[in-house]
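Residue-level listing of the chains:
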Amino acid sequence: DSGVTQTPKHLITATGQRVTLRCSPRSGDLSVYWYQQSLDQGLQFLIQYYNGEERAKGNILERFSAQQFPDLHSELNLSSLELGDSALYFCASSAGTSGADTQYFGPGTRLTVL
Amino acid sequence: AQSVTQLDSHVSVSEGTPVLLRCNYSSSYSPSLFWYVQHPNKGLQLLLKYTSAATLVKGINGFEAEFKKSETSFHLTKPSAHMSDAAEYFCVVSDRFGGYQKVTFGTGTKLQVIP
């Protein structure tokens, strides 16, 4: 158990809909990262937050957004969903922003768009 | 620029034989390097990490990796494969750029262990 929790575990929805994925980092960790893992794209970094502020953006679509709240939990919002958004979405947390910080991964949310 | 290349997408070994998963990296600075393992339908678990201390790093489950700066490599090895080692392995390079941690994942190597 990494100490990172993600809800829900599974999500099934229809095209055009909007969903919210939630992540709680390990106790004491200030950085949260979101990743998308799909069969064709592999593991893609989406976005990073540190202590409530956006720090880095990866391959995140404009239809996707995220935020980190004062209690440090984070939410990833996916809107106007398309079939291709079906994937496993991981959240990870780390202590800070050092290159040596270990990222601890949650169990993931499996999103299926029908 | 930062990049990581996992040289094999699939590796197949017999149970009890050595495992070698290859990783080469590129980074402008002094990176930290990690290996993660992902079992089917599970999250990623840290196996080991290198952060500029000893170049030979020991991890969990009998895995180890050696940082070779001259070869820009960080290959993962295990003397004797176990059936439970069948999983996907990711090599990761990490460094700090402009106040944030930049992390790049390799494309993964799927390890098959044959009984």
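Description of the structure in this document. Since we're looking at a predicted model, the values are computed, not measured.

**Quick notes on the overall build of chain B**
Right, so step 1: When helices and strands are tallied, chain B shows zero helices and twelve strands.
Right, so step 2: Helices and strands in chain B line up, N terminus first, as β-β-β-β-β-β-β-β-β-β-β-β.
Right, so step 3: Relative to the compact-globule value of 13 Å for 115 residues, chain B shows a C-alpha radius of gyration of 14 Å, a close match.
Right, so step 4: Across its three principal axes, chain B shows a C-alpha extent of roughly 45 × 30 × 20 Å.
Right, so step 5: Considering only contacts in chain B between residues 6 or more positions apart, those separated by 24 or more positions represent 57%.
Right, so step 6: Counting only carbon and sulfur atoms, one obtains 51% of the accessible surface of chain B, whose full area is about 5600 Å².
Right, so step 7: Once the 10 positive and 8 negative side-chain charges of chain B are each reduced to a mean point, those two points are 7 Å apart.

**Structural notes on the interface of chain B and chain A**
Right, so step 1: Each partner contributes residues to the interface: chain B has 20 residues there, and chain A has 21 residues.
Right, so step 2: It is Leu-44, Gln-101 and Phe-105 of chain B in chain B that bury the most area against chain A; as a group they hold 33% of the surface buried on that side.
Right, so step 3: Where chain B meets chain A, there are zero salt bridges.
Right, so step 4: Where chain B packs against chain A, one counts four residue pairs in polar contact (both at pLDDT 80 or more).
Right, so step 5: Of all the secondary structure elements, the ones that give two or more residues to the side of chain B that touches chain A are β5 (32-38), β6 (44-50), β10 (87-97) and β11 (100-105) of chain B.
Right, so step 6: Of the residues assigned to the side of chain B that touches chain A, the class counts are eight nonpolar, eight polar and four charged.

**Let's talk about the environment of Ala-86 of chain B**
Residues and elements named next belong to chain B.
Right, so step 1: The topology assignment puts Ala-86 in the loop between β9 (73-78) and β10.
Right, so step 2: For the pair Ala-86 and Val-11, spaced 75 residues apart in the sequence, the C-alpha separation amounts to 9.8 Å.
Right, so step 3: Other than its neighbours up to four places away in sequence, Ala-86 contacts His-39, Leu-111 and Val-113.

**Quick look at the sheet that holds strand β8 (residues 74-78) of chain A**
Pairing between the strands of a sheet comes from backbone hydrogen bonds, and it takes one of two forms, parallel or antiparallel.
All names here are of chain A.
Right, so step 1: The strand order across the open sheet formed by four strands is β1-β3-β8-β7, and the pairing between neighbours is antiparallel. Taken across any chain shown, the strands that pair with only one partner, and hence form the sheet edges, are β1 (5-7) and β7 (64-68). Going across the sheet, the axis of each strand differs from the next one's by a mean of 15°, ignoring polarity.

**Describing the state of the cysteines**
All names here are of chain A.
Right, so step 1: Counted under the stated rule, the structure contains two disulfides over all chains.
Right, so step 2: Through a disulfide, Cys-23 is tied to Cys-91; the S-S separation comes to 1.7 Å. One disulfide, between Cys-23 and Cys-91, carries an S-S torsion of -45° and so falls in the left-handed class. Taken together, the residues Cys-23 in strand β3 (residues 19-24) and Cys-91 in strand β9 (residues 87-94) connect sequence positions 68 residues apart.

**Considerations on the packing of aromatic side chains**
Right, so step 1: Under the counting rule described, the total for this entry stands at 13 aromatic pairs over all chains.
Right, so step 2: Judged by centre distance (6.3 Å) and plane angle (80°), the ring pair of Phe-90 of chain A and Phe-105 of chain A falls under edge-to-face. With Phe-90 of chain A in strand β9 and Phe-105 of chain A in strand β10 (residues 104-105), the pair connects residues that are 15 residues apart, well separated along the chain. No difference in accessibility class separates Phe-90 of chain A from Phe-105 of chain A, as the two residues are buried.
Right, so step 3: When the ring of Tyr-25 of chain B is compared with that of Phe-67 of chain B, the centres are 5.8 Å apart and the planes differ by 25°; the resulting orientation is stacked. You can see Tyr-25 of chain B sitting in strand β4 (residues 23-26) and its partner Phe-67 of chain B sitting in strand β8 (residues 64-68), a full 42 residues away along the chain. Here Tyr-25 of chain B and Phe-67 of chain B have matching classes, each one buried.

About the criteria used
Residues numbered from 1 in each chain as written. Chains lettered and ligands numbered in written order. Predicted model: local features only at pLDDT ≥ 70, side-chain atom pairs only at ≥ 80, totals over all residues. Heavy atoms only, no water. Helix = DSSP H or I, 4+ residues; strand = E, 2+ residues; numbered from the N terminus. Rg over C-alpha atoms; globule rule 2.2 N^0.38 Å. Contact = heavy atoms within 4.5 Å. Areas by Shrake-Rupley, 256 points an atom, 1.4 Å probe, with all protein chains shown as cover. Lys, Arg positive; Asp, Glu negative; His and termini not counted. Charge placed at Lys NZ, Arg CZ, Asp CG, Glu CD. Buried area = accessible area lost by both parts, 1.4 Å probe. Salt bridge = Lys/Arg side-chain N within 4 Å of Asp/Glu carboxyl O. Polar contact = N/O pair within 3.5 Å; in protein donor to acceptor, adjacent residues only side chain to side chain. Nonpolar A, V, L, I, M, F, W, Y, C, P; charged D, E, K, R; others polar. Pairing = 2+ DSSP bridges. Axes fitted to C-alpha atoms, helices over the stretch in contact; angles between N-to-C directions. Disulfide = S-S within 2.5 Å. Phe/Tyr/Trp six-rings, centres within 6.5 Å; stacked < 30°, edge-to-face > 60°. Buried < 20%, exposed > 50% of the residue type's maximum accessible area, 1.4 Å probe, protein only.

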